[in-house]
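Coordinate analysis (summary)
Spelled out, the chains give:
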Amino acid sequence: MPSRSNLISKFRDFNIMSLYYYIKECLCDCKVDFIFLLYSIGDALLDAVLRPNVPQIVCYSMYPNRIHSCRHIEDNVDIEQLVQKKATTYMILHKIITNVPALVLGMFCGAWSDKYGRKLPMVMPSLGTTFAVLLYMAANMAYDGSIACFLVGSVIHGCFGKTAMVSMAVSSYVVDITATDRRTKRLGTIAAMQFIGMFIGSLIGGLLIDSTSILTAYCCVSFMNALVVLLTLVTLRETVNVADKRNLFPCKAFCQGKNVMESVQVITKPRAGSTRRFIISLFVVLFLHQTCRTGLTDVTLLFTEKSPLSWPTSWFGYLSALDNASMGFILLVFLPILSNILKFSDLSISIIGLACACIRFVIMAWSNETWMVWLAVVVGSFGGIINSPVRSLLSKMVQEDEVGKMFSLLGSSETAAKFLAVVFTYLYGSTLDIFPGFAFLLASGLYTVMIVIVLLVHVNIKPANGGDESPTEQTESKMEMNHLNGKTNTNGKIDINGKTEMNGTIGSLERADIESR
């Protein structure tokens, strides 16, 4: 217990100005978190509304004279099967034409944001979603042209970028305004906002569909995205000081081929020691993790609907809600404890998450009772701490003018993983008669491989000099020294108080001063 003299000394050191700086820093942190939470709610809400609406849109096109029947397809067996078959094709097409443009756009966006700012990439997907929703609404009113409106809306939705672009911009923004020792916690909070937003958006979507019309639900999606645009433009300060404003307009500087080349060079350019090999290894881990997570979502739905579990479809919605809520809770509560209190290294935290994900899918493979599925989800919720520590470490391995490029490359690779994820669905169908849980066993094997990769990176990160710090901590300290020696962004940064930060030094010193007070 602290002595009386120590308490008196701490009380004397406390002053109104230190409280002011602390509250101001918290508010600056919370603004971008809240904006990303709103975007995630809107994105999950759109998914919850659009997915059951696609069969209705297809039905309007096939049977324009049976509108009432199309709004209650489940009650009309004579058209249900034909509509479902055709709707499956359009759902696959929707996924392709929304994700492919977003994948390509992300490759351009990262390099542009490093030079000209983070705010435009934050608002672009919300603008695109707002325009796309107008066309989705038109598809529910212009019955003869319902398919055309739906497809055009999907193209616009993808061409403005999607969650990957927002995640890139928000993560880069957080890295710009956060001290290195707090970066893992802050990126974890951002990831938690996404999971919690998915949980809230899915629940709101279900309530709106049951209690209101589909058009009202779409209006709510537009409102959420418009609010994201407004708050981003009004409340957030730009963190990049634009040196050449002649090329600020996106049409002139956004779609330049060199942006893609600069993004790819994040993993191809020579770096000191084995840093490039470490970066590539961690990229592979995140890619495999996203592939498994996305692919096994559909497999879990099919697995729980078949015997012996025989779940009703609604139960899977509750399972997804629990999955998202528990991962958000783990990120908000346990990640700060592991990172800031217990002082675990980034890679050690990720290994814990990978091990829990591996155990989850081993349990799922042999689940023949409902309680086993729920247990698997609870254990696997610690898998939510996989991404944030790895992303944090990657942001420390690259130079400051490569942060946006690195996150955009990650976003594009995670988008590409969604296409590869269909392998798990195909594998499940192929092995259904042999062993239905084979896809889950394959995933657990892949997570074992990921654990080995991360362990090898963790062991082989060697400090340049001896010391008492852990290998990761020494490497991170060395990287920070490289930044302070001038190997940083020559474009300049602007800290959260609006002062110019050249080569990343002023902002870091100011944040350290705030924290010391």
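The text that follows walks through the structure, step by step, so that each part is easy to find. Owing to the predicted nature of the structure, the values given are computational and were not obtained by experimental measurement.

Position of D176 among the secondary structure elements: in helix α7 (residues 163-177). Engagement of the side chain of D176 in a polar contact is seen with the side chain of T239, the distance being 2.7 Å.

The relative placement of two aromatic rings is captured by the distance of their centres and the angle of their planes. Overall, the coordinates contain 12 aromatic pairs when judged by the stated rule. A ring pair is formed by F131 and F160, whose centres lie 6.1 Å apart and whose planes are at 65°; its orientation type is edge-to-face. Taken together, the residues span a long stretch of sequence, with F131 in helix α5 (residues 119-139) and F160 in the loop between α6 (146-159) and α7 at a distance of 29 residues. You can call F131 partly exposed: its relative accessible area is 42%. A centroid spacing of 5.6 Å and a plane angle of 65° characterise the contact between W311 and W315, whose relative ring orientation is edge-to-face. Here the aromatic cluster, defined as three or more aromatic residues joined through ring pairs, consists of F303, F361, F440 and Y447.

Turning our eyes to something else, we now look at unusual backbone geometry. With an omega dihedral of 15°, the bond running from S307 to P308 counts as a cis peptide bond. Within the fold, P308 resides in the loop between α12 (275-305) and α13 (313-341). Of note, the phi angle at S310 is positive, near 50°, even though the residue is not glycine. Mapped onto the elements, S310 comes out in the loop between α12 and α13. The backbone phi angle of K343 is positive, close to 60°, even though this residue is not glycine. Position of K343 among the secondary structure elements: in the loop between α13 and α14 (346-365). Of the residues examined, K343 reaches a relative accessible area of 55% and is grouped as exposed.

Conventions used here
- Residues numbered from 1 in each chain as written.
- Predicted model: local features only at pLDDT ≥ 70, side-chain atom pairs only at ≥ 80, totals over all residues.
- Heavy atoms only, no water.
- Helix = DSSP H or I, 4+ residues; strand = E, 2+ residues; numbered from the N terminus.
- Polar contact = N/O pair within 3.5 Å; in protein donor to acceptor, adjacent residues only side chain to side chain.
- Phe/Tyr/Trp six-rings, centres within 6.5 Å; stacked < 30°, edge-to-face > 60°.
- Buried < 20%, exposed > 50% of the residue type's maximum accessible area, 1.4 Å probe, protein only.

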